[in-house]
Structure formats: C-alpha cells, structure tokens
Amino acid sequence: MDMFNKLRSAVTSALPGNPLSKDFDVLNHIASGGPGLVWKIYNAIKKTTKQEAAVFVFEKKLLEKYSRRDKELIVETLKKGISQLTRLRHPKILSVLHPLEESRETLAFATEPVFSCLANVLNKHDNMPSPLPADFKDYKLYEVEIKHGLLQLAEGLAFLHNDVKMVHCNICPESIIINKNGSWKIAGFDCCIPNSNQQSDPSFANAEPTFPYREWDPDLPSIIQPCLDYLAPEFALTMTCCRGSDMFSIGVLIHAIFNYGKPLYECNNQLSMFKKYSEELRKFRSSLLGNVPVELHEYVKLLLNTEPSVRPDSDQLTKIPYFEDVGSMTLQFMDTLFQRDNLQKSHFFKGLPKIIEKLPKV
C-alpha cells in the first residue's frame, strides 16, 4: 500500500492539474530531452488501452529566472515545436500519441515509449532523476548502434528536406530521442524553418525550396534558438540557411558521438565565439576530427565544409561505405520487415543465426 501511495504521489507531482493525467498513468522519471534538456521524460501507461508510452513534462517553475517577455516567448516556442512534431508522421520522427496539454504549472504531451535522448547517453544529465537510473551507469553505444542511428537520422532528414520541404535547424543530441527499441528519432522542432515558396501557387510547384535566414539573437533566451555548437557556419558567414545546414549539424553530431559527447567547438551560447569558430572552419584541420573512425574522415570533412553545396545531402549520406556492414544492414532490414514479401522474410530469417553471431553481446 505504501508503494502505491508513493507512486500516486509521484504521478500527482509530475502533472499537477494537467489534463493529460486523465488519459495516462505517469510512472517513473527516466530521462530528459529537448532544448536545454528542459523536458522531463517519464514512463507512462495509456489508461484505456494499457499501451506503453512516454510523457514529456515541462515544469513552468524553470521560467522563474526569466523576464515576463522571455517567459512568454519560451512557452510559445515550446508549444510551436510540439505542435509541429505532432503534425509530422514518419517512422524516423518521434511519434506523438497525445498532443500538448497545458496547466498552470506544466506543459505535457505523450509519445511512443522512450529510453532517453542522445544527450543523456552522451553524459549530459541535466533535469534527470537523482540518482541516475542504472541504465546510464557505464552506458556505451556500440558502433552498430551508432551506424544504425545515423542512418535513421539521415532518412528522417531526407523526409523533412525532400517531402516536407523543411530545415530542422537544431539537429543536436538534445533533439534526438532514442525509443525503447533503440531507434533514433528526430524531435525538437522548436527552431524549424519551412520553405518560404508559395506552395499554393502552381508556378512554384517545381521551384527550388528557399528557407529564410533567422539571425541568432543574443537578447533572446538561448533555449528557444538553435544550439550554436551545432549550427552551420553560414549563419555567421553568409547569413543564409539551406538543407545543407542540417547536414553540417550531422557532421558535428558524428564528431560528438565519437569524442565523449563534445562537439567540434563549444560556444557557450556566445554569438561572438560562434562567429570566431565559423571563420576558423574556413581552414579545417584534420586533427579536429579526434576519435572519428578513419573510414568516416573524408565524409565528415565534407559535412563540415563551410560551403553548403560541398556537403553530402541526406540521400548521399545513407550510401557511404561506412554503413555497409552486416550489422547495420540487418537492423535496417528489420526496420522495414513489414514491407517485405514472404520470400524476402524467409531468406532473412534463415540467415539470421549467422548474423547474430557477429552482433555485439549486450
């Protein structure tokens, strides 16, 4: 009975007065995510179907240090980001089960079951439970997980760039959610930039998308703007934005994954530092790559080029040799298993025992 009361008390404290609590039993606090890791992530159960879920909670008490104007801007930006995420439907985009609900003290929404965000896995533990869940002690990403995860991100960006005609503009570890099955999903659409061409006008149907440049403003809260550590240099050098801007962010992300969570440069939310480092990138040094695998050097250098047209696009990135190993290809096949015919499935399962021997033991 004491355990039940503790659980009920935890649920009440996580979602005080929020309408989402009518539909979901909110369980233990497991992770954090989103800009500045401001969203707490909880395990949850949908009451009507007993379906596993995750509930993201933003506690408005985090806004106490901000001015009234900034408080309103932050809440408005977070709402827009979740609204955009809710509208997007794709296997590589975090799936929303229940749209945003608001109470006096919280914002909250529900998604597919979640393990954590990539930033938590890379040892950024702000807004996480204390003590840390046992899953995060000595946590290590296997290379096959990294390959599979990067492929999933590239496929998600291909959908955003080619089908939705949108630039995410804030690809960083905080905006990548790892679900309960280990799949990497894109979230964090607070700073996304849609195509400015008038889609309703037939004359624009085949026009190249254009994305309006948005200046990073030091007078605005950093958590409602792109993370400068992952932002493409054209935001400082040429005052432009394009689909290649997201590809630069993927390059920095690869660097961070293989270098203990550290991006190429750390700007500490200082625009002057970002501009300085953007200039330095004009003369890129291979030593900056650190622990990035040698077979990725050529491609990461292209992704980090200051000229966006040089960078591989999302489709090209999926075709590089680095991803063509048996483990990564097996996981890719399993992602699309429901789309395969019976003969393909039969061949796959017959060869699976030999493949499993080559995968890392967890």
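Because the structure is predicted, anything quoted here is derived from the model rather than measured.

Undergrad: Explain the sheet that holds strand β8 (residues 176-179) here, please?
TA: The strands that make up a sheet pair up through hydrogen bonds in the backbone, lying either parallel or antiparallel. Strand order in the open sheet formed by 3 strands is β6-β8-β9, with antiparallel pairing between adjacent strands. Each edge of the sheet is formed by a strand with only one pairing partner; in this case those strands are β6 (114-117) and β9 (184-186). The mean inter-strand angle of the sheet, taken between neighbouring strand axes irrespective of direction, is 35°. Here 3 bridges tie β6 to β8, and the two strands are oriented antiparallel to one another. Looking across to β8, one finds that valine 114 is bridged to asparagine 179.

Undergrad: Just checking my understanding: could you explain the environment of threonine 106 for this structure?
TA: Among the secondary structure elements, threonine 106 is positioned in strand β5 (residues 106-111). When the C-alpha atoms of threonine 106 and proline 16 are compared, they prove to be 7.4 Å apart, with 90 residues separating the residues in sequence.

Undergrad: Looking at this model, I keep getting lost on the packing of aromatic side chains. Mind explaining?
TA: For any two aromatic rings, the description comes down to two numbers: the centre-to-centre distance and the angle of the planes. Going through the model one piece at a time under the given rule, you end up with 8 aromatic pairs. Geometrically, the ring pair formed by tryptophan 39 and phenylalanine 58 is tilted, given 6.0 Å between the ring centres and 55° between the ring planes. Here phenylalanine 58 lies in strand β3 (residues 52-59) and tryptophan 39 lies in strand β2 (residues 39-46), a separation of 19 residues in the sequence. Grouping residues by exposure puts tryptophan 39 and phenylalanine 58 together as buried. On the basis of an interplanar angle of 45° and a centroid distance of 5.7 Å, the ring pair of tyrosine 213 and phenylalanine 235 is categorised as tilted. Of the two residues, tyrosine 213 sits in the loop between β10 (193-194) and α5 (234-237) while phenylalanine 235 sits in helix α5, which places them 22 residues apart along the sequence. Classification of phenylalanine 235 by relative accessible area gives buried; the value is 6%. Members of the aromatic cluster, joined through ring pairs, are Trp39, Phe56, Phe58 and Phe109.

Undergrad: Is there a simple way to explain the pairing of β8 in this structure?
TA: Along any regular strand, the residues point their side chains to alternate faces of the sheet. The two faces of β8 match: Ile176 and Ile178 on one face and Ile177 and Asn179 on the other face are all buried. Strand direction decides the pairing type here: β8 and β9, joined by 3 bridges, are antiparallel. Bridged to isoleucine 178 within β9 is tryptophan 184. Between β8 and β9, which pair antiparallel and follow one another directly, the connecting turn spans 4 residues, one of which, glycine 182, has a positive phi of 90°.

Undergrad: Sorry, what's going on with unusual backbone geometry here?
TA: Across the chain, the bulk of peptide bonds are trans and the bulk of non-glycine residues have phi less than zero. Here serine 130 and proline 131 are connected by a cis peptide whose omega angle stands at 0°. Within the secondary structure, proline 131 is located in the loop between α3 (118-121) and α4 (143-164). Positive phi, normally seen in glycine, also occurs at lysine 50, with a value near 60°. Within the fold, lysine 50 resides in the loop between β2 and β3. The residue lysine 165 is not glycine, and still its phi comes out positive at about 60°. Following the sequence through the fold, lysine 165 ends up in the loop between α4 and β7 (166-167). For lysine 165, a relative accessible area of 26% translates into the label partly exposed.

Undergrad: Just to check I follow, could you spell out the pattern of salt bridges for this structure?
TA: Pairs can form between side chains of opposite charge once their charged atoms are near each other. In total, this model carries 16 salt bridges according to the counting rule given. Connected via shared salt-bridge partners are Lys40, Glu59 and Lys61.

Undergrad: Looking at this structure, I do not really get helix α7 (residues 271-280). What am I missing?
TA: Helical geometry: 3.6 residues make up each α-helical turn, so side chains three or four residues apart lie on a common side. If you check which residues of α7 are buried, you get Leu271, Phe274, Tyr277 and Ser278. Each buried residue of α7 sits inside an arc of 125° when the element is viewed along its axis, so together they form one side. In the core, the buried residues of α7 are packed alongside α5.

Rules behind the numbers
- Residues numbered from 1 in each chain as written.
- Predicted model: local features only at pLDDT ≥ 70, side-chain atom pairs only at ≥ 80, totals over all residues.
- Heavy atoms only, no water.
- Pairing = 2+ DSSP bridges.
- Helix = DSSP H or I, 4+ residues; strand = E, 2+ residues; numbered from the N terminus.
- Axes fitted to C-alpha atoms, helices over the stretch in contact; angles between N-to-C directions.
- Phe/Tyr/Trp six-rings, centres within 6.5 Å; stacked < 30°, edge-to-face > 60°.
- Buried < 20%, exposed > 50% of the residue type's maximum accessible area, 1.4 Å probe, protein only.
- Salt bridge = Lys/Arg side-chain N within 4 Å of Asp/Glu carboxyl O.
- Arc of directions from axis to C-beta.
- Contact = heavy atoms within 4.5 Å.

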